[in-house]
Amino acid sequence: MLVEQKQPNMGRRGLVVGNYCHDVLIRNDVVVGETLGGAASFISNVLDGVSIRCDLVSKVGSDFAYSVAHPPIVVPTSPTTLFHAFFDSGSDGEGACDRVLKRVRFCGAIEPSDLPESRFNFGMAVGVAGEILPETLERMLDICEVVFVDIQALIRVFDSSDGTVRLVGLKGSGFFHLLPRIGFLKASAEEAPYVDVEEARKWCCVLITNGKEGCTLYWKDGEMQISPFPTVQIDPTGAGDSFLGGFVAGLVQGLAVPDAALLGNLFGSMTVGQIGLPKFELRLLQRVKDEVQRRKMQSISCCEDSNDDLKFVKPAGHQQFHSSLAAAKLTSAAPLQECQWDLRNSPPRAIEQGIPQYTGQQKLLLNPVYEEPIQSVEGTQ
Ligand SMILES: Nc1ncnc2c1ncn2[C@@H]1O[C@H](COP(=O)(O)OP(=O)(O)O)[C@@H](O)[C@H]1O
Ligand SMILES: O=P([O-])([O-])O[C@@H]1[C@@H](O)[C@H](O)[C@@H](O)[C@H](O)[C@@H]1O
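Presented here is a report on the structure given in the accompanying data block. Here the structure is a predicted model, which is why all the values come from computation and not from measurement.

Criteria and cut-off values
Residues numbered from 1 in each chain as written. Chains lettered and ligands numbered in written order. Predicted model: local features only at pLDDT ≥ 70, side-chain atom pairs only at ≥ 80, totals over all residues. Heavy atoms only, no water. Phe/Tyr/Trp six-rings, centres within 6.5 Å; stacked < 30°, edge-to-face > 60°. Helix = DSSP H or I, 4+ residues; strand = E, 2+ residues; numbered from the N terminus. Buried < 20%, exposed > 50% of the residue type's maximum accessible area, 1.4 Å probe, protein only. Near = heavy atom within 4 Å. Polar contact = N/O pair within 3.5 Å; in protein donor to acceptor, adjacent residues only side chain to side chain. Areas by Shrake-Rupley, 256 points an atom, 1.4 Å probe, with all protein chains shown as cover. Nonpolar A, V, L, I, M, F, W, Y, C, P; charged D, E, K, R; others polar. Pairing = 2+ DSSP bridges. Axes fitted to C-alpha atoms, helices over the stretch in contact; angles between N-to-C directions. Contact = heavy atoms within 4.5 Å.

**A word on the packing of aromatic side chains**
Thinking step 1. On inspection of all chains with the given rule, the structure shows 8 aromatic pairs.
Thinking step 2. Ring centres of Phe148 and Phe247 lie 6.2 Å apart, and the angle between their planes is 75°; on these two criteria the pair is classed as edge-to-face. Of this pair, Phe148 sits in strand E10 (residues 144-150) while Phe247 sits in helix H4 (residues 239-252), and the two are 99 residues apart along the sequence.
Thinking step 3. For Phe148, a relative accessible area of 0% puts it in the buried group.
Thinking step 4. Under the relative-accessibility criterion, Phe247 is labelled buried at 0%.
Thinking step 5. An angle of 65° between the planes, with centres 5.4 Å apart, marks the rings of Phe184 and Phe247 as edge-to-face. Note that Phe184 is positioned in strand E13 (residues 184-188) and Phe247 in helix H4, a separation of 63 residues in sequence.
Thinking step 6. Put simply, the rings of Phe122, Phe148, Phe184, Phe243 and Phe247 pair up and form one aromatic cluster.

**Some words on the site of ligand 1**
Thinking step 1. Residues in close proximity to ligand 1 total 19 residues, the closest being Lys186, Thr209, Gly211, Gly214 and Asn265.
Thinking step 2. Separating an oxygen atom of ligand 1 from a side-chain N or O atom of Thr209 is a distance of 2.9 Å.
Thinking step 3. One of the backbone nitrogen or oxygen atoms of Gly240 is found 2.9 Å away from an oxygen atom of ligand 1.
Thinking step 4. Against a free-state accessible area of 550 Å², the protein chains account for coverage of 96% of ligand 1.
Thinking step 5. At the level of elements, E13, H4 and helix H5 (257-272) are the ones that each hand at least two residues to the shell around ligand 1.
Thinking step 6. The leading source of residues in the shell around ligand 1 is H5, at 4 residues.
Thinking step 7. Class assignment of the residues belonging to the shell around ligand 1 gives a composition of 4 nonpolar, 12 polar and 3 charged.

**Topic: the sheet that holds strand E2 (residues 21-27)**
Thinking step 1. The 4 strands lie next to each other as E3-E2-E7-E8, forming an open sheet whose pairing is mixed. Two strands lie at the open edges of the sheet, namely strand E3 (30-37) and strand E8 (99-105), each paired on one side alone. Taken over all neighbouring pairs, the strand axes of this sheet differ in orientation by 20° on average, direction set aside.

**Side note on the side chain of Thr237**
Thinking step 1. Tracing the sequence through the fold places Thr237 in the loop between strand E16 (222-226) and H4.
Thinking step 2. Not counting residues within four places of it along the chain, the set of residues in contact with Thr237 comprises Asp23, Leu25, Phe42, Phe87, Arg99, Thr271 and Gly276.

Keep in mind that these numbers describe shape and distance, not what the molecule does.
Okay, here's the thing in structure tokens:
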């Protein structure tokens with residue numbers, strides 16, 4: 001069944017399900033950040049930024065270190081999920097295998113009973129550490145009109161010794177039988193081989209993201225490449241999450257699927273240009289909202305009926321919309337703050353978590369997102 005372009009009704013709420021986590025970001029073997037993470041944080045950052053209402057179900061431990069707009073469920077007997085992300089500055093966003101992730105601590109699963117009783121216009125199954133169970137996704141499909149799934153919530157397994165993330169095929173994941181009920185499935189280029197896109201596209205719209213190349217939409221008998229927004233990549237973390245947040249925000253606001261995918265590409269590109277959770281300037285967010293409203297007024301359809309199947313076509317003005325969003329992006333020059341760590345005094349949390357220590361000094365780019373550097377020192381030559 002090809003998914004019709006289901007326009008989630010703007011007025012009603014969405015349900016985002018996935019755990020917040022702590023991220024330790026290690027670039028070129030140097031700790032460059034300790035930040036709030038988890039798809040839930042990147043996605044709610046986008047949805048809140050463009051005023052899309054959503055409820056969020058997320059679990060953390062009593063050690064959770066951040067204040068967030070959508071309070072999580074605190075599990076006193078568990079730690080907050082913790083990831084160590086290892087990547088190189090050389091990876092300029094090819095999208096595939098640009099980093100190694102290790103799940104160092106895990107807060108625990110989100111059970112069906114943790115979900116609200118009410119119904120939702122749309123749902124987003126966006127676990128990062130195995131917290132979404134098949135029965136949890138099944139419950140989401142029962143209470144949400146359309147469900148968006150990030151495949152990383154379904155196909156990740158974790159090495160028993162050090163938590164290194166590996167991927168398994170969707171068919172053997174325990175979730176495959178739910179595919180016909182999923183509205184949109186998102187996967188990165190690295191995850192795509194584990195999805196069997198030729199099978200999945202028979203059932204739902206599949207979005208394959210590919211770093212600096214943008215993304216490709218697949219449906220039953222067609223596909224479409226969606227242009228990227230060129231960016232200097234500093235940190236790949238959260239690009240896919242922000243992409244999905246922007247895509248859903250576009251659909252909820254009434255954009256056609258190809259135009260909504262442009263919004264996803266925009267937010268993904270702005271995420272990799274910052275370390276950790278991106279800070280979107282209000283001026284930029286307002287420009288984006290204005291461009292979306294302008295685009296909506298054109299009320300373009302992207303679907304043509306031919307026989308009994310819908311075929312996506314790139315709506316008239318799509319390229320102009322890309323240019324308008326690119327211009328909006330230029331209004332934001334989120335200043336990157338340079339500071340120098342004396343790496344002999346690496347951040348205490350990194351030390352306690354057993355990150356290998358490094359000597360010498362590195363000039364790091366940190367942006368003032370959620371916290372000042374834990375221990376930045378005046379650079380000493
Ligand atoms: N270096 C980059 N330059 C421009 N856009 C990027 C870059 N990296 C990611 N993006 C945007 O973010 C989206 C998701 O990034 P990707 O790395 O493919 O996802 P994931 O984080 O799931 O691996 C891409 O489709 C693209 O639109
Ligand atoms: O980069 P991305 O794949 O979109 O999403 C990331 C997850 O893969 C990672 O496990 C988590 O620690 C990050 O905070 C972020 O959520």
